[in-house]
Amino acid sequence: GAFMIVAGATTAVAQDTSRAVAGGGISVAGWAGKIDANEASKGAKLSDAKLAKMGNDLHVTTGPAVAYWNPANKATGDYTVKAKFTEAKYMGLNDHPHPYGIMIAGNDLGTDQQSYLYCAAYGNGNFIVRGFGPAPFQLNGRRGETHAAVNKAAGKDQPVSQEIAVSVKGDDITCAINGQVVGTYKKADAVGAGKLKSTDGVYGIRFGHNTEAHVSGLTMTKN
């Protein structure tokens, strides 16, 4: 009986700990990544998450929460970055939803001073917009919010996909999911001391921990 209690307690703690991915690392030419500082402080490494190429698409399996980018992918002025994220098995690596989405405005990436912004969706109908500057800052709350445009999986291990687009236009930063604007934020609220250095910068993708999804059609267009 005592053993069961110990095992149960260990499991409860382990559920929200990043689990290292076998055969992890980055195998896509030109791409780089950095895990969150709080993940690194717990001993996690970039090689504990996996970025691989599948045809023209990217496939991500985490591990620690991570941002991935190709430094050649830069966007300045007014632009939109979009991609489709497909979680073949919702919550396949965890017991609660974790987010994935588009990262923009990356500056000093790979350093302790890196800054970027992301809009990410969860397969339960939620989305979150937050940044690192280098400390995290929220634009739509600590846990994000629900929006009808965000697709919901039918259940655990069921497929769900989200088309996510982040746009910079004039004074606004906008996130659209599945073709519908879910949030608009003022540049002035996102750029400045302790926040983004600029909305100009490298774009890429951002994944929460213990999550697996396919990324297709990552593109940037000028607005």
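Just so it is clear, the structure is predicted and the values come from calculations on it, not from any experiment.

(A) Region of the structure containing the pattern of salt bridges. Under the counting rule described, the total for this entry stands at five salt bridges. Between Arg206 and Asp36 there is a salt bridge; the shortest N-O distance is 2.6 Å. With Arg206 in strand β15 (residues 201-207) and Asp36 in the loop between β2 (32-35) and α2 (37-41), this residue pair connects regions lying 170 residues apart in the sequence. What makes Arg206 buried here is its relative accessible area of 5%. Classification of Asp36 by relative accessible area gives buried; the value is 9%. Here Asp172 makes a salt bridge to Lys186, at a shortest N to O gap of 2.6 Å. Of this pair, Asp172 sits in strand β13 (residues 172-177) while Lys186 sits in strand β14 (residues 180-186), and the two are 14 residues apart along the sequence. In this structure Asp172 comes out as partly exposed when scored by relative accessible area, which is 24%.

(B) Broad picture of the sheet that holds β13. Read across the open sheet, the eight strands follow the order β1-β3-β4-β16-β6-β12-β13-β14; overall the sheet is mixed. Two strands close off the open sheet at either side, each with one partner strand: β1 (25-26) and β14. Relative to strand β16 (residues 211-222), strand β6 (residues 79-87) is paired through seven bridges, and the arrangement is antiparallel. Following the sheet pairing, Thr86 is matched in β16 by His214.

(C) Quick look at the packing of aromatic side chains. By the definition in use, this model includes six aromatic pairs. Plain terms: the ring middles of Phe85 and Phe207 are 6.2 Å apart, the flat faces sit at 55° to each other, and that makes the pair tilted. A residue pair is termed long-range when its members are at least 10 positions apart, and Phe85 in strand β6 and Phe207 in strand β15 qualify at 122 residues. The class of Phe207 is buried, set by a relative accessible area of 0%. Members of the aromatic cluster, each reached through a chain of ring pairs, are Phe85, Tyr100 and Phe207.

(D) Local environment of the pairing of strand β5 (residues 66-75). Summarising burial for β5: seven of the 10 residues are buried, a large majority. Sheet analysis places β2 next to β5, joined by four bridges and oriented antiparallel. Bridge assignment links Ala32 to a residue of β5, and that residue is Trp69. One ladder, built from six bridges, connects β5 with β15; its direction is antiparallel. Opposite Val66, over in β15, you have Phe207 as the bridge partner.

(E) Spatial organisation of the environment of Ile173. Within the secondary structure, Ile173 is located in strand β13. Separated by 80 residues in sequence, Ile173 and Leu93 place their C-alpha atoms 32 Å apart. Other than its neighbours up to four places away in sequence, Ile173 contacts Ile104, Leu117, Val166, Ser167, Val168, Gly183, Thr184, Tyr185, Lys187, Ala190 and Thr199.

(F) The state of the cysteines, seen in detail. Applying the stated rule across the entire model yields one disulfide. For Cys119, the disulfide goes to Cys175, at an S-S distance of 2.0 Å. In this structure, the disulfide formed by Cys119 and Cys175 twists by about -75° around the S-S bond and is classed as left-handed. Here Cys119, found in strand β8 (residues 115-121), pairs with Cys175, found in strand β13; they are 56 residues apart in sequence, far enough to count as distant. Neither Cys119 nor Cys175 differs from the other in exposure class; each is buried.

About the cut-offs
- Sequence order as written defines the numbering, with residues in each chain counted from 1.
- Local features in this predicted model are restricted to residues of pLDDT 70 or higher, and side-chain atom pairs are both shown and tallied only at a pLDDT of 80 or more, whereas totals for entire chains, interfaces and linings draw on every residue.
- Computation of side-chain values: all heavy atoms of the structure, hydrogens and water removed.
- The salt bridge criterion pairs a side-chain nitrogen of Lys or Arg with a carboxyl oxygen of Asp or Glu, the two atoms within 4 Å.
- Helical segments are the DSSP runs of H or I of at least four residues, strand segments are the runs of E of at least two, and each set is numbered from the N terminus.
- Only protein chains enter the calculation, and the probe is 1.4 Å; a residue is then buried if its accessible area is under 20% of its type maximum, exposed if over 50%, and partly exposed in between.
- In this scheme, strands are said to pair when DSSP sees at least two bridges between them.
- Here a Phe, Tyr or Trp ring, Trp counted by its six-membered ring, pairs with any other such ring whose centre lies within 6.5 Å, and the pair is stacked when the planes are under 30 degrees apart, edge-to-face when over 60, and tilted otherwise.
- Contacts are assigned to residue pairs with any non-hydrogen atoms lying within 4.5 Å of each other.
- The disulfide criterion used throughout: a pair of cysteine sulfur atoms within 2.5 Å.

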